[in-house]
Amino acid sequence: MNEKRDTVSSKGNAVILKIYSVGHPVLRQQARSLSTEEIHSSLIQDLIANMRETMRDAPGVGLAAPQVGQSLQLTVIEDRIEYFKGVSEAELKERERSPIDFHAIINPEIELLSPPEVVAHEGCLSVPGFMAAVPRSRSVRVTCLDEHGEPKVIEATGWYARILQHEIDHLRGRLYIDLMQSDSFTTLENYQRHVKKQLP
Ligand code: ZN
C-alpha cells in the first residue's frame, strides 16, 4: 500500500497521507473494487482512518482513495458545521448544504435521479488552488458497502448529492475539470474576490 512512502506526517495513531495532484496517472485510472474480506482487513481499516485524518487536515468534505495513490473503490465523506463559518445562511440554503457525519463508501453504483442542471462552484484537493462551476444532478441514489462491509443505499439531494457525484467520479478516473463550465475556471483567490460576493 506504499503508506510509508506516502506519509507526510502523523497525528496520534493516524497518519496524514500525501494527496496526489492532477497529472498523476492514478487519478485517471478506473479503481478496483474491494472484497468484504479486504474491507475487514487492518490494511483497509487503517487506510480509512488515515483518509479521515487526511481529509480533516486538508480540510475537505470528501477524499477518494486514488487521491492518496490507492486505485481502490473507496471514498470518505464528512461535512462539519465548523466548515460553514465563512458561508452565509442564504448560500447554505441555496446549496441545500447541511452537516454530514463521517462515513466511507465502497464499491459504489450511482444513479442520477435528476438531470445534471444544478450549477455551482466546486474545488478538489487534487486540483489545489482552483475552483469552477460544475453542473450536477440535484439528487442521486448510491448503492454501496459501508466501512463495515455492510450493504447500504444512500438517497441524497443538494450538496451531499454533489459530493457523492464528485467523489464517485474519482473512482472512475474522472475529475471535475472534465465536466466544468471551462470559462468559470478560477483561482481560489479570484473566486473569493469576484464570484463569492455575487452569491446570496
Ligand atoms: Zn476531488
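Data block above holds the structure.
Structural notes, computed from the coordinates.

About the criteria used
- Residues numbered from 1 in each chain as written.
- Predicted model: local features only at pLDDT ≥ 70, side-chain atom pairs only at ≥ 80, totals over all residues.
- Heavy atoms only, no water.
- Salt bridge = Lys/Arg side-chain N within 4 Å of Asp/Glu carboxyl O.
- Helix = DSSP H or I, 4+ residues; strand = E, 2+ residues; numbered from the N terminus.
- Buried < 20%, exposed > 50% of the residue type's maximum accessible area, 1.4 Å probe, protein only.
- 1 Å grid on protein atoms, 1.4 Å probe; cavity = no way out; pocket = protein on both sides within 12 Å on 5 of 7 lines; lining within 4 Å.
- Points joined across faces, edges and corners; volume = space filled by probe spheres on them.
- Donors = N, O, S within 2.8 Å, 3.2 Å for Na, K, Ca; no water.
- Pairing = 2+ DSSP bridges.
- Polar contact = N/O pair within 3.5 Å; in protein donor to acceptor, adjacent residues only side chain to side chain.
- Contact = heavy atoms within 4.5 Å.

Description of the pattern of salt bridges
Counted according to the given criterion, the structure contains 18 salt bridges. For Arg141, the salt bridge goes to Glu111, with nearest N and O atoms at 2.9 Å. Taken together, the residues Arg141 in strand E8 (residues 139–145) and Glu111 in strand E5 (residues 100–112) connect sequence positions 30 residues apart. For Glu111, a relative accessible area of 40% gives the class partly exposed. The salt bridge partner of Arg193 is Glu189, with a shortest N-O separation of 2.9 Å. Taken together, the residues span about one helical turn, with Arg193 and Glu189 both in helix H6 (residues 188–195) at a distance of 4 residues. For Arg193, a relative accessible area of 44% translates into the label partly exposed. What makes Glu189 exposed here is its relative accessible area of 52%. One salt-bridge network, held together by shared partners, links Arg52, Glu53, Arg56, Glu78, Arg80 and Glu82.

Considering the layout of surface pockets
The space that makes up the largest pocket amounts to roughly 930 Å³. Looking at the largest pocket, it is lined by 31 residues, and the ones nearest its centre are Pro59, Val61, Gly123, Met131 and Trp159. Of all the elements in the fold, those that place two or more residues in the lining of the largest pocket are helix H4 (89–95), strand E6 (116–122), strand E7 (130–137), helix H5 (158–171) and H6. Sorting elements by how many residues they give to the lining of the largest pocket places H5 first, with 5 residues.

Quick notes on the coordination of the zinc ion
With distances of 2.1 to 2.2 Å, the protein atoms coordinating the zinc ion are Cys124 (SG), His166 (NE2) and His170 (NE2). Mapped onto the polypeptide sequence, the residues donating to the zinc ion form the spacing pattern C-x41-H-x3-H. One end of the pair is His166 and the other is His170, both in helix H5 and 4 residues apart, which spans about a single turn. For the residue pair His166 and His170, the accessibility class agrees, reading buried in each case.

Details of the sheet that holds E6
Strand order in this open sheet of 3 strands is E6-E7-E10, and the pairing throughout is antiparallel. Both edges of this open sheet fall to E6 and strand E10 (186–187), since each of them pairs with a single strand only. Of the strand pairs in this sheet, E7 and E10 are connected by 2 bridges, and their pairing is antiparallel. Counterpart to Met131 in the pairing with E10 is Thr186.

Observations regarding the side chain of Asp79
Tracing the backbone through its elements, the reader meets Asp79 in strand E4 (residues 74–79). Within polar-contact distance, the side chain of Asp79 engages the side chain of Arg97 at 2.7 Å. In contact with Asp79, not counting residues within four places along its chain, are Val61, Phe84, Arg97, Ser98, Pro99, Ile100 and Trp159.

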